[in-house]
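One letter stands for each residue in the lines below.
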Amino acid sequence: MPIIEDWTGAPWRKLEQHLYRLQKRIYQAQDRGNVKVVHSLQRLLVKSRAARMLAVRRVTQENQGKQTAGVDGVKALGPAVRLLFVDRLRTLDGIPAQPVRRMLIPKAGKPGEFRPLGIPVLLDRAAQTLATFALEPQWEARFEANSYGFRPGRSGHDAIEAIYLTIVQQPKYVLDADIKGCFDHIAQEPLLNKLDTIPRIRRAVKAWLRAGVLVEGVFTPTTAGTPQGGCASPLLANIALHGLEQAAAAAVYPAEPGEDRRRRPVLIRYADLCRARHKSAYAGCRVMPTAVGRTREDPWGAVGITQRP
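Given the structure is predicted, the values throughout are model-derived calculations rather than measurements.

Conventions adopted
- Residues numbered from 1 in each chain as written.
- Predicted model: local features only at pLDDT ≥ 70, side-chain atom pairs only at ≥ 80, totals over all residues.
- Heavy atoms only, no water.
- Helix = DSSP H or I, 4+ residues; strand = E, 2+ residues; numbered from the N terminus.
- Buried < 20%, exposed > 50% of the residue type's maximum accessible area, 1.4 Å probe, protein only.
- Areas by Shrake-Rupley, 256 points an atom, 1.4 Å probe, with all protein chains shown as cover.
- Axes fitted to C-alpha atoms, helices over the stretch in contact; angles between N-to-C directions.
- Left-handed = near helix turned anticlockwise from the far one by under 90°.
- Contact = heavy atoms within 4.5 Å.
- Nonpolar A, V, L, I, M, F, W, Y, C, P; charged D, E, K, R; others polar.
- 1 Å grid on protein atoms, 1.4 Å probe; cavity = no way out; pocket = protein on both sides within 12 Å on 5 of 7 lines; lining within 4 Å.
- Points joined across faces, edges and corners; volume = space filled by probe spheres on them.
- Expected span 1.5 Å × (residues − 1).
- Polar contact = N/O pair within 3.5 Å; in protein donor to acceptor, adjacent residues only side chain to side chain.
- Patch = residues over 30% accessible without salt bridge, like charges linked within 9 Å, V, L, I, M, F, W, Y side chains within 5 Å.
- Salt bridge = Lys/Arg side-chain N within 4 Å of Asp/Glu carboxyl O.
- Phe/Tyr/Trp six-rings, centres within 6.5 Å; stacked < 30°, edge-to-face > 60°.
- Lys NZ or Arg CZ within 6 Å of the ring centre and 35° of its normal.
- Pairing = 2+ DSSP bridges.
- Core = buried A, V, L, I, M, F, W, Y, C linked by side-chain atoms within 4.5 Å.

**A look at the overall build of the chain**
Thought 1: Along the backbone of the chain there are 11 helices and nine strands.
Thought 2: Expressed as a percentage of its 309 residues, the buried residues of the chain come to 44%.
Thought 3: Surface exposure of the chain reaches about 15900 Å², of which carbon and sulfur atoms provide 54%.

Below is the structure:
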């Protein structure tokens, strides 16, 4: 890929095709279970100038939050500075992570309640986008079929359709669960161990998670959770919650020889919102949120269930 010095004249279509080919190869390698090839391709992707340019373009020109500044106050970049960002991304884990700026956003339909957002600086957002380019195809090959939130090509309507198709045939118990404060309480060390990626990306993710929060000039370290507002946070939350359906099914009906799998519960998840159904099991069960830590059918901590005494 030749070095591009003219931002406005860059061949964006060719850059997108190059990135797509790399991501497709990562997905296919993970689908085959070849982790060594996955990691090799991830190293190639994060070094790729095409991926770095597309990451900078996304956070500075395409995202809705492109005019939202982090703690450094920077929110508008010219073409020359964007190219400097592309060069800085050569060392993904060598960029010192800066604290995120805390913003409180009112929750829709809930007067007096706010959602805490953590806004990273633009360079950290570009680095997170670059890491997401490498991690997303790997994990899309692994995520559970009934996971819908924050995934490419999936929407809330897909989750609604899945719920309808699950309950339409006969009456079933349906359990509606929301993991309270999911983003804020994800255990960081188990998440880092679960990433299964190259050391460069793992070190960068660790730095972002532990960068801290700046509120009105007061710095607060972060020892748990992922900041809502970061470009990598939705994917990291999905990675942390991967395995919920399997854990719920195993807790209610442990796998045994000759087991009728139709009796096992189905858990449909949209981010940290869950809808679980079963013909009879949930009449005597309760769902308890615990430490937050996805069978593969898509081409691109957990919740414990315990019997009542």
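Alright, that's what it looks like, and here's the rest.
**A short note on the packing of helix α1 (residues 12-32) against helix α5 (residues 122-140)**
When two helices pack together, their arrangement is given by the angle between the helix axes and the distance between those axes.
Thought 1: Interhelical geometry of α1 versus α5 gives an angle of 35° and a closest axis separation of 7 Å. In this structure, α1 meets α5 at a crossing whose hand is right-handed. Within the contact between the two elements, α1 uses Leu-19, Gln-23, Ile-26, Tyr-27 and Gln-30 and α5 uses Phe-133, Ala-134, Pro-137, Gln-138 and Glu-140.
Thought 2: Its residues assigned to classes, the contact of α1 with α5 comprises six nonpolar, three polar and one charged.

**Observations regarding the environment of Pro-96**
Thought 1: Relative to the elements of secondary structure, Pro-96 occurs in the loop between α4 (79-88) and β1 (100-106).
Thought 2: Of the residues examined, Pro-96 reaches a relative accessible area of 60% and is grouped as exposed.
Thought 3: In this structure the C-alpha to C-alpha distance between Pro-96 and Ala-211, which are 115 residues apart in sequence, comes to 8.9 Å.
Thought 4: For Pro-96, the contacting residues outside a window of four places in its chain are Arg-88 and Asp-124.

**Some remarks on the layout of surface pockets**
Thought 1: For the second largest pocket, the calculated volume is near 450 Å³.
Thought 2: Around the second largest pocket, the lining comprises 19 residues; the ones closest to its centre are Lys-107, Arg-115, Asp-178, Ile-179 and Asp-272.
Thought 3: Taken together, the elements giving at least two residues each to the lining of the second largest pocket come down to β2 (114-119) and α7 (182-185).
Thought 4: A per-element tally of the lining of the second largest pocket places α7 first, with three residues.
Thought 5: Broken down by class, the residue content of the lining of the second largest pocket amounts to nine nonpolar, two polar and eight charged.

**Regarding helix α3 (residues 49-62)**
Thought 1: Between the first and last C-alpha of α3 there are 18 Å, a value that for 14 residues agrees with the 20 Å anticipated at 1.5 Å per step.
Thought 2: Across the 14 residues that make up α3, a large majority, 11, are buried.
Thought 3: Looking only at α3, the buried set comprises Arg-49, Ala-50, Ala-51, Arg-52, Met-53, Leu-54, Ala-55, Val-56, Arg-57, Val-59 and Thr-60.
Thought 4: Summarising the contacts, the buried residues of α3 are in contact with α1, α2 (35-47), α4 and α5.
Thought 5: Measuring from the side-chain oxygen of the N-cap residue of α3 to the backbone nitrogen of Ala-50 gives 3.3 Å; that N-cap residue is Ser-48.

**Some words on a nonpolar patch on the surface**
Thought 1: A cluster of nonpolar side chains, Tyr-164, Leu-165 and Val-168, forms an exposed patch at the surface whose accessible area comes to about 300 Å².
Thought 2: Structurally, the position occupied by Val-168 is in the loop between α6 (156-167) and β3 (173-178).
Thought 3: By relative accessible area, Val-168 is classed as partly exposed at 37%.

**Here's the deal with the packing of aromatic side chains**
Thought 1: Counted by the stated rule, this structure contains two aromatic pairs.
Thought 2: Aromatic pair Trp-139 and Phe-143: ring centres 5.8 Å apart, planes at 35°, arrangement tilted.
Thought 3: Among the residues examined, Trp-139 registers a relative accessible area of 1% and is labelled buried.
Thought 4: Residue placement shows Arg-57 over the ring face of Trp-12; its charged tip is 4.5 Å from the ring centre.
Thought 5: Here the guanidinium or amino end of Arg-154 rests over the ring plane of Tyr-148, the centre of that ring lying 4.7 Å away.

**So, the sheet that holds β1**
The pairing of strands in a sheet comes from backbone hydrogen bonds and takes either a parallel or an antiparallel form.
Thought 1: Taken in spatial order, the four strands make up an open sheet running β2-β1-β4-β5, and their pairing is mixed. Among the strands making up the open sheet, the edge pair consists of β2 and β5 (218-220). Mean inter-strand twist for the sheet, computed between neighbouring axes without regard to direction, equals 40°.
Thought 2: Pairing between β1 and strand β4 (residues 213-215): two bridges, direction parallel. Counterpart to Val-100 in the pairing with β4 is Val-213.

**Examining the pattern of salt bridges**
Thought 1: Enumeration over the complete set of coordinates arrives at 10 salt bridges.
Thought 2: Bridged by salt links that share partners, the residues Glu-16, Arg-57 and Glu-62 form one connected network.

**What about the nonpolar core?**
Thought 1: Counting residues in hydrophobic clusters, the biggest one holds 55 residues, and the most contacted among them are Leu-45, Met-53, Leu-92, Leu-130 and Ile-201.
Thought 2: Put simply, the parts of the chain that give this core at least two residues each are α1, α2, α3, α4, α5, α8 (188-194), α9 (199-209) and α10 (233-241).
Thought 3: A per-element tally of this core places α5 first, with 10 residues.
Thought 4: Ignoring anything within four residues of it in the chain, the contact list for Leu-130 reads Leu-45, Val-46, Ala-51, Arg-52, Ala-55, Leu-89 and Leu-92.

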